[in-house]
Amino acid sequence: MMIEKLQSYIRSNHWWGFKAAPILGFTYLYFSFFEFPFTDKLLIFLLSAMTILGIAGFGYVINDIYDIEVDQKAGKKNPFEGKSAAFIFLVISVLVFIALFPWYFLKSNWSIWIALSFQMILYFLYAHPLTRLKEKSIWGPICDALYGHAVPIIIACLTYQQYIEELPYHQIWFFSTLFLWQFFKGLRNIFLHQLEDYDNDIKAGVQTITTQKGRDIIYQKTLFLIQPIEILFLVLFLSSLTSSFPSIWLYIGVFILLYIYG
């Protein structure tokens, strides 16, 4: 019952499938390089799922807290409307614990903790009234693409590669193409989200790049500019794994066929 309540406040059903699942997908990639028992791999997977739930949930709660007034104007239900400060503090505390507890067991280093700190800072820059980047034209989508996709995937891979003695890829090429692929994927995602929220944002007086430029322009840019760049960096990223997985293009082809006919 308590888990169901927490899920409703962090809205995990909205983001788990297209944000958390791809990150966890990288555990499968790294598991092929890990040379230790399945039980240890399973533990890493569960700890990863736990910290992703806490970090992403924290971000959604922060965003909702600072959106209470905006949602009221739009006639949109906000899970924290009418909730006491003590209750909100309790939810945030639980999520921080869920996010940080796994790192007592997971390997980490200074670069990971810098990236984690940057992730948390982005949440506040995006939603806090003093900065409110979500209403600052292109800065909103950039911030969302960073904390929703690019930074979390980098944190995951930096963590997993610590369990490997000899890396099966060139780090600079691997991480640069991975970051850019996920960044443009994030841009596409947030622009589609803004297109869906267009009417509510107009009603509430929320200024986004989509309400400023108009639906048609943002749709055209997303379809014919951002998505092709995303695909380009995806191909470049996959090429960084070709030496370790020569058959990766075969798997990609099978996936595309299953996706098309599924």
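In this text the structure is predicted, and so the values were computed from the model without any measurement. (Residues numbered from 1 in each chain as written. Predicted model: local features only at pLDDT ≥ 70, side-chain atom pairs only at ≥ 80, totals over all residues. Heavy atoms only, no water.)

Concerning the environment of Y163
Then, in step 1: Mapped onto the fold, Y163 is located in the loop between α7 (139-160) and α8 (171-196).
Then, in step 2: For the pair Y163 and G262, spaced 99 residues apart in the sequence, the C-alpha separation amounts to 35 Å.
Then, in step 3: With near-sequence residues (within four places) excluded, Y163 lies in contact with F34, F36, I44, F105, L106 and K107. (Helix = DSSP H or I, 4+ residues; strand = E, 2+ residues; numbered from the N terminus. Contact = heavy atoms within 4.5 Å.)

Here we look at a nonpolar patch on the surface
Then, in step 1: Judged by side-chain polarity, F255, I256, L257, Y259, I260 and Y261 come together as a nonpolar surface patch covering roughly 780 Å² of accessible area.
Then, in step 2: Along the chain, Y259 falls in helix α12 (residues 248-261).
Then, in step 3: On the basis of relative accessibility, which here comes to 64%, the residue Y259 falls in the exposed class. (Patch = residues over 30% accessible without salt bridge, like charges linked within 9 Å, V, L, I, M, F, W, Y side chains within 5 Å. Areas by Shrake-Rupley, 256 points an atom, 1.4 Å probe, with all protein chains shown as cover. Salt bridge = Lys/Arg side-chain N within 4 Å of Asp/Glu carboxyl O. Buried < 20%, exposed > 50% of the residue type's maximum accessible area, 1.4 Å probe, protein only.)

Re helix α5 (residues 85-100)
Then, in step 1: Relative to the 22 Å expected for 16 residues at 1.5 Å per residue, α5 spans 22 Å between its end C-alpha atoms, a close match to the ideal helical length.
Then, in step 2: Among the residues of α5, I88, V91, L95, I98 and A99 are the ones counted as buried. Seen from one end, α5 has its buried residues packed into an arc of 100°, which puts them on one side. Counted as exposed and oriented over 90 degrees from the buried face of α5: A85, A86, F89, L90 and F97. (Expected span 1.5 Å × (residues − 1). Arc of directions from axis to C-beta.)

Some details on unusual backbone geometry
Note on backbone geometry: most residues besides glycine have negative phi, and most peptide bonds are trans.
Then, in step 1: Here the phi dihedral of R132 falls at roughly 45°; this positive angle occurs in a residue that is not glycine.
Then, in step 2: Mapped onto the secondary structure, R132 falls in the loop between α6 (110-127) and α7.

Regarding the packing of aromatic side chains
Then, in step 1: By the definition in use, this model includes 28 aromatic pairs.
Then, in step 2: Relative to F175, the ring of Y169 lies with its centre 6.4 Å away and its plane at 80°, an arrangement referred to as edge-to-face.
Then, in step 3: You can call Y169 buried: its relative accessible area is 8%.
Then, in step 4: Positioned above the aromatic ring of F87, the side-chain terminus of K83 is 5.4 Å from the ring centre. (Phe/Tyr/Trp six-rings, centres within 6.5 Å; stacked < 30°, edge-to-face > 60°. Lys NZ or Arg CZ within 6 Å of the ring centre and 35° of its normal.)

Side note on α12
Then, in step 1: Over its 14 residues, α12 runs 20 Å from end to end, which matches the ideal 20 Å to within 8%, given 1.5 Å per residue.
Then, in step 2: Taking burial as the measure, the 14 residues of α12 include 1 buried ones, a minor fraction of the element.

Thoughts on the nonpolar core
Then, in step 1: Residues F26, Y30, F34, F174, L178 and F237 are the most contacted members of the largest nonpolar core, which totals 73 residues.
Then, in step 2: Of all the elements in the fold, those that place two or more residues in this core are α2 (12-31), α3 (38-65), α5, α6, α7, α8 and α11 (215-239).
Then, in step 3: Ranked by the residues each element gives to this core, the list is headed by α7, at 13 residues.
Then, in step 4: When sequence neighbours within four positions are dropped, the list of residues in contact with F34 reads K41, I44, Y160, Y163 and I164. (Core = buried A, V, L, I, M, F, W, Y, C linked by side-chain atoms within 4.5 Å.)

Quick look at the side chain of Q194
Then, in step 1: Within the secondary structure, Q194 sits in helix α8.
Then, in step 2: Among the residues examined, Q194 registers a relative accessible area of 5% and is labelled buried.
Then, in step 3: Those residues in contact with Q194, other than ones at most four positions away along the chain, are P141, T208, I209 and T210.

What to know about the side chain of T27
Then, in step 1: Looking at where T27 falls in the secondary structure, it is placed in helix α2.
Then, in step 2: Assessed through its relative accessible area of 0%, T27 is described here as buried.
Then, in step 3: Of the polar contacts made by the side chain of T27, one reaches the backbone oxygen of L24; its length is 2.3 Å.
Then, in step 4: In contact with T27, not counting residues within four places along its chain, are F45, S48 and Y160. (Polar contact = N/O pair within 3.5 Å; in protein donor to acceptor, adjacent residues only side chain to side chain.)

A closer look at the pattern of salt bridges
Then, in step 1: Taken as a whole and judged by the stated rule, the model has 7 salt bridges.
Then, in step 2: Between D197 and K76 there is a salt bridge, and its shortest N-O distance comes to 3.9 Å. Linking D197 in the loop between α8 and α9 (198-204) with K76 in the loop between α4 (68-74) and α5, this pair joins segments that are 121 residues apart in sequence.
Then, in step 3: Residue K76 is classed as partly exposed on the basis of its relative accessible area of 34%.
Then, in step 4: Through salt bridges with shared partners, a single network forms among D67, R132, K134 and E135.

Observations regarding the packing of α3 against α6
Then, in step 1: Axis separation between α3 and α6 bottoms out at 9 Å; the angle between their running directions is 20°. Here α3 is positioned roughly parallel relative to α6, judged by the angle of their axes. Read as a crossing pair, α3 and α6 show a hand that is right-handed. Seen from α3, the contacting residues are I55, A56, F58, G59, I62 and N63; seen from α6, they are L116, Q119, M120, Y123, F124, Y126 and A127. (Axes fitted to C-alpha atoms, helices over the stretch in contact; angles between N-to-C directions. Parallel < 35°, antiparallel > 145°, perpendicular 65-115°, else oblique. Left-handed = near helix turned anticlockwise from the far one by under 90°.)

These results come straight from atomic positions and should not be treated as a statement about function.
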